[in-house]
Amino acid sequence: MLQYGVRKLAHTLLVALGVVTLVFAALRLSGDPAATMLPGDASVEELVALRKTLGLDKPLPVQYASFLVGAVTGDFGISFRHQQPALGLVMDRLPATLELAFAALVLAVVVAVPLGIIAALNRGRLADVLAMAFAVVGQATPYFWMGIMLILIVSVELGWLPTSGRGSFAHLILPAITLGTHFAASLARLTRTAMLEVLGQNYVTTARAKGLPERTVILAHALKNASVPVVTLIGLQFGTLLGGAVVTETIFAWPGVGRLAVQSIFVRDYPVVQAGVFVLALSFVAINLLVDLLYGFLDPRIRTEDAA
Amino acid sequence: MRRLRWYLLLPAVPVIVAVAAALLAPWVAPSSPTSGNLAARLRPPAWVQGGSVQRLLGTDLLGRDLLSRLIWGARISLLIALAATVLGAVVGSLIGLVSGYYRGRVDRVVTKLIDVQLAFPFVLLAIAVIAVAGASIPVLVIVLAIGSWVGHARIIRGLVLSLRERDYVQAARALGARTPRILFRHLLPEILSVILILATFDVGRIIILESTLSFLGLGVQPPTPSWGSDLRDAAAYVRQAWWTSVFPGLAIMVVVLGVNLVGDALRDALDPRTQSRARA
């Protein structure tokens, strides 16, 4: 298990390096940051001066190296708008984003896993059809529209919950539903498929044949084995969840990293965009490492599989 | 190939309607999508008190006819989705083909690249690129294609990896067929149905992503009508005019639902093997 962990860590570091490189490439190759940051009527002298301050006049490899050093030491520059280190601003808001993403995740798992199991156990019957109808519609609904509709119905029409901001538990409910639904939809589908596959296995038939109660068969034998693909999806989808958080935060004025990054684009606060994207992407990489480790714990075969 | 049952084609109806609306927009839209009548702003839909049949779905804040904007918006949204899907599918499939066929160093680089990109939430990547490149339709298409090539590359690579060992491929090679001929004449036809299925699911995903970016203000810019950017404006006055938020979103949902269900039907009909792989 230790060896497996070390191997996964090495892989993660490599991916993290790739992510940093991708951030660098996306930010440097798609245009001139200096031109983006300055207002349209800036003079050429101002442009040259800013390029020099940002180090954009140096050759690309040098820029890349200093970007790497900055990323490792957490130096993304000073926010123009807030006159504070960009990373600090982002880190201040990270808890809010993680809180939202985590709430959505829990909500999705609590709803979708039982739904998928019920659907699988009632294959072809009404419960299955309804569960899958929910899943298919959920997958086709954009986050932001879901959010607007929830605000319209629950907050404006019914007046039950606040429409924006963060603070009490009540503030968390609508954003979490908004963010969690899409995920719940794909999770329910996958849980159903995984359960159906496992339920057809010999060991399940054996478990039933030796007279174990159906509950034990389902929970102890089937569910544990069906959980590997489900856990993988949870890990993979956490990134989508972080991306979705950007949108959800914008709708509900949730003070998280995503909203900060989007707002910073419009005011050309470039260091903050950079730090925000970087921190969120790296959180995702860290989560995936956790999932990989959990994965090796759930299914010992995996530990040895890719060692060869 | 299993028989395609007629009722499986029902979900195609909203897709066909949307495509028809997009193609025929200048002729079927009741009025201009961009010029509004400020005297007639925020009029409700026809069946609500105060609505009129001339403005079936009501008007927005600038007095523009909502139905006309939806119809013209279909044109922009579908065009972007189609362009990005095709670009992503072509690039991704080519990379997958080459990587799976050559294996070795090329393959190692490609798989690492795929790993890295999968470790990067798409919306964030889009934000990073658009922050610098600026929001415009060509940038949007490229960004969306960057978001979709990976799925193709990964699955096509896996398929080609096993297909290249088949007897008929070995035979073609033994007969002296050159690599491009093997790739495009022998391997490509085998995987075409998978590419088609993947691309169908991509259309749905990309419509949602495009509308999401446009909603954030990073995609299609006003006054160009698009479902996502219309919702951006509408969200601000959802209290005063629910219809401006409800209809564009409904359009996105119904079309994406249709595309996804068509994709399901296609997959079941063409390729039962990919059943659990193409979508999770």
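Parameters at a glance
- Residues numbered from 1 in each chain as written.
- Chains lettered and ligands numbered in written order.
- Predicted model: local features only at pLDDT ≥ 70, side-chain atom pairs only at ≥ 80, totals over all residues.
- Heavy atoms only, no water.
- Helix = DSSP H or I, 4+ residues; strand = E, 2+ residues; numbered from the N terminus.
- Buried < 20%, exposed > 50% of the residue type's maximum accessible area, 1.4 Å probe, protein only.
- Contact = heavy atoms within 4.5 Å.
- Areas by Shrake-Rupley, 256 points an atom, 1.4 Å probe, with all protein chains shown as cover.
- Lys, Arg positive; Asp, Glu negative; His and termini not counted.
- Charge placed at Lys NZ, Arg CZ, Asp CG, Glu CD.
- Buried area = accessible area lost by both parts, 1.4 Å probe.
- Salt bridge = Lys/Arg side-chain N within 4 Å of Asp/Glu carboxyl O.
- Phe/Tyr/Trp six-rings, centres within 6.5 Å; stacked < 30°, edge-to-face > 60°.
- Polar contact = N/O pair within 3.5 Å; in protein donor to acceptor, adjacent residues only side chain to side chain.
- Axes fitted to C-alpha atoms, helices over the stretch in contact; angles between N-to-C directions.
- Parallel < 35°, antiparallel > 145°, perpendicular 65-115°, else oblique.
- Left-handed = near helix turned anticlockwise from the far one by under 90°.
- Nonpolar A, V, L, I, M, F, W, Y, C, P; charged D, E, K, R; others polar.
- Core = buried A, V, L, I, M, F, W, Y, C linked by side-chain atoms within 4.5 Å.
- pLDDT = per-residue confidence, 0-100.

To continue, consider the overall build of chain A. Each helix and strand counted, chain A has 13 helices and zero strands in total. Listing the helices and strands of chain A from first to last along the sequence gives α-α-α-α-α-α-α-α-α-α-α-α-α. Along the three orthogonal principal directions, the C-alpha set of chain A runs to about 80 × 60 × 30 Å. Among the 308 residues that make up chain A, the fraction classed as buried is 49%. Considering only intrachain contacts with a sequence separation of at least 6, the fraction spanning at least 24 residues in chain A is 76%. As displayed, chain A has an accessible area near 14,100 Å², and 67% of this comes from carbon and sulfur atoms. In chain A, which carries 21 positive and 18 negative side-chain charges, the distance between the mean positions of the two groups comes to 10 Å.

Attention shifts here to the interface of chain B and chain A. In this complex, chain B contributes 44 residues to the contact, which on the side of chain A involves 48 residues. Of the roughly 4,000 Å² buried at the junction of chain B and chain A (both faces included), carbon and sulfur atoms supply 81%. The interface formed by chain B and chain A contains one salt bridge. A salt bridge links Asp264 of chain B to Arg189 of chain A; the nearest nitrogen and oxygen atoms lie 3.6 Å apart.

A separate point is the packing of aromatic side chains. All chains considered together, the criterion is met by seven aromatic pairs over all chains. Both rings, one in Phe144 of chain A and one in Phe215 of chain B, keep their centres 4.5 Å apart while their planes meet at 15 degrees; by these two values the pair is stacked. You can see Phe144 of chain A sitting in helix H7 (residues 143-157) and its partner Phe215 of chain B sitting in helix H7 (residues 179-215), one on each of two chains. Phe215 of chain B matches Phe144 of chain A in its accessibility class, with the two residues each being buried.

Bringing unusual backbone geometry into the picture now. Residue and element names in this part refer to chain A. Backbone geometry places Gln83, a non-glycine residue, at a positive phi of 55 degrees. With respect to the element layout, Gln83 can be found in the loop between helix H4 (60-73) and helix H5 (86-121). With phi around 50 degrees, Ala253 is a residue other than glycine that occupies positive phi space.

Residues and elements named next belong to chain A. The topology assignment puts Arg192 in helix H8 (residues 169-199). Here Asp128 takes part through its side chain, which lies 2.7 Å from a polar atom of the side chain of Arg192. Among residues more than four places away in sequence, those in contact with Arg192 are Gly116, Ala119, Ala120, Arg123, Asp128 and Met132.

On to the packing of H7 of chain A against H8 of chain A. Residues and elements named next belong to chain A. For the pair H7 and H8, the least separation of the axes is 9 Å and the interaxial angle reads 140 degrees. In terms of orientation, H7 lies oblique with respect to H8. By crossing handedness, the relation of H7 to H8 is classed as right-handed. Between H7, through Tyr143, Met146, Gly147, Leu150, Val154 and Ser155, and H8, the contact on the second element is made entirely by Leu174, Ile177, Thr178, Leu179, Thr181 and His182. For the contact of H7 with H8, the residue count by class is seven nonpolar, five polar and no charged.

Our focus in this paragraph is the pattern of salt bridges. Tallying each qualifying case throughout the model produces nine salt bridges over all chains. Across the salt bridge formed by Arg164 of chain B and Glu165 of chain B, the nearest N and O atoms sit 3.0 Å from each other. Residues participating in the shared-partner salt-bridge network are Arg189 of chain A together with Asp264 and Arg267 of chain B.

With that settled, consider the environment of Ala170 of chain A. Residues and elements named next belong to chain A. Its place among the elements puts Ala170 in helix H8. Taking the relative accessible area as the measure of exposure, Ala170 reaches 26% and is therefore partly exposed. It is 9.1 Å that separates the C-alpha atoms of Ala170 and Trp160, two residues lying 10 residues apart in sequence. Residues in contact with Ala170, not counting those within four places in the same chain, are Leu161 and Pro162.

By size, the foremost hydrophobic cluster in this structure holds 145 residues, and its most contacted members are Val19 of chain A together with Ile127 and Leu144 of chain B. Excluding its chain neighbours within four sequence positions, the residues that come into contact with Leu144 of chain B are Ile80, Ala84, Phe122, Ile206, Leu209, Glu210 and Leu213 of chain B. Grouped together as the second largest cluster of nonpolar side chains are 16 residues, Val160, Leu163, Leu183 and Leu187 of chain B included.

Here we take up the environment of Leu97 of chain B. Residue and element names in this part refer to chain B. With respect to the secondary-structure elements, Leu97 resides in helix H2 (residues 66-102). Given the relative accessible area of 2%, Leu97 is considered buried. Separated by 59 residues in the primary sequence, Leu97 and Ile156 place their C-alpha atoms 6.2 Å from one another. With residues near it in sequence (within four places) discarded, Leu97 still touches Ile156, Val160, Leu183, Phe184, Leu187, Leu188 and Ile191.

Packed helix pairs are characterised by how far apart their axes lie and by the angle those axes make with each other. Here helix H12 (residues 270-298) of chain A crosses helix H4 (residues 122-133) of chain B at 165 degrees, and the two axes come no closer than 10 Å. What the angle tells us is that H12 of chain A and H4 of chain B run roughly antiparallel. In this structure, H12 of chain A crosses over H4 of chain B, and the sense of that crossing is left-handed. Side by side, H12 of chain A and H4 of chain B meet where Tyr270, Val273, Val277, Leu280 and Ala281 of chain A of the first sit next to Leu124, Ile127, Ala128, Ala131 and Val132 of chain B of the second. Partitioning the contact of H12 of chain A with H4 of chain B into residue classes produces 10 nonpolar, no polar and no charged.

What follows concerns the environment of Glu197 of chain A. All names here are of chain A. By secondary structure assignment, the location of Glu197 is in helix H8. The exposure class of Glu197 is exposed, given its relative accessible area of 52%. With 77 residues separating them along the chain, Glu197 and Ala120 place their C-alpha atoms 9.4 Å apart.

Detailed reading of predicted coordinates is not advised where the pLDDT is low. Residues and elements named next belong to chain B. Per-residue confidence for chain B gives a mean pLDDT of 82, with 93% of residues at or over 70. The low-confidence segment residues 274-280 (pLDDT under 50) makes 22 contacts with residues lying over four places distant or belonging to another chain. If you check the scores for this complex, the pTM reads 0.85 and the ipTM reads 0.82.

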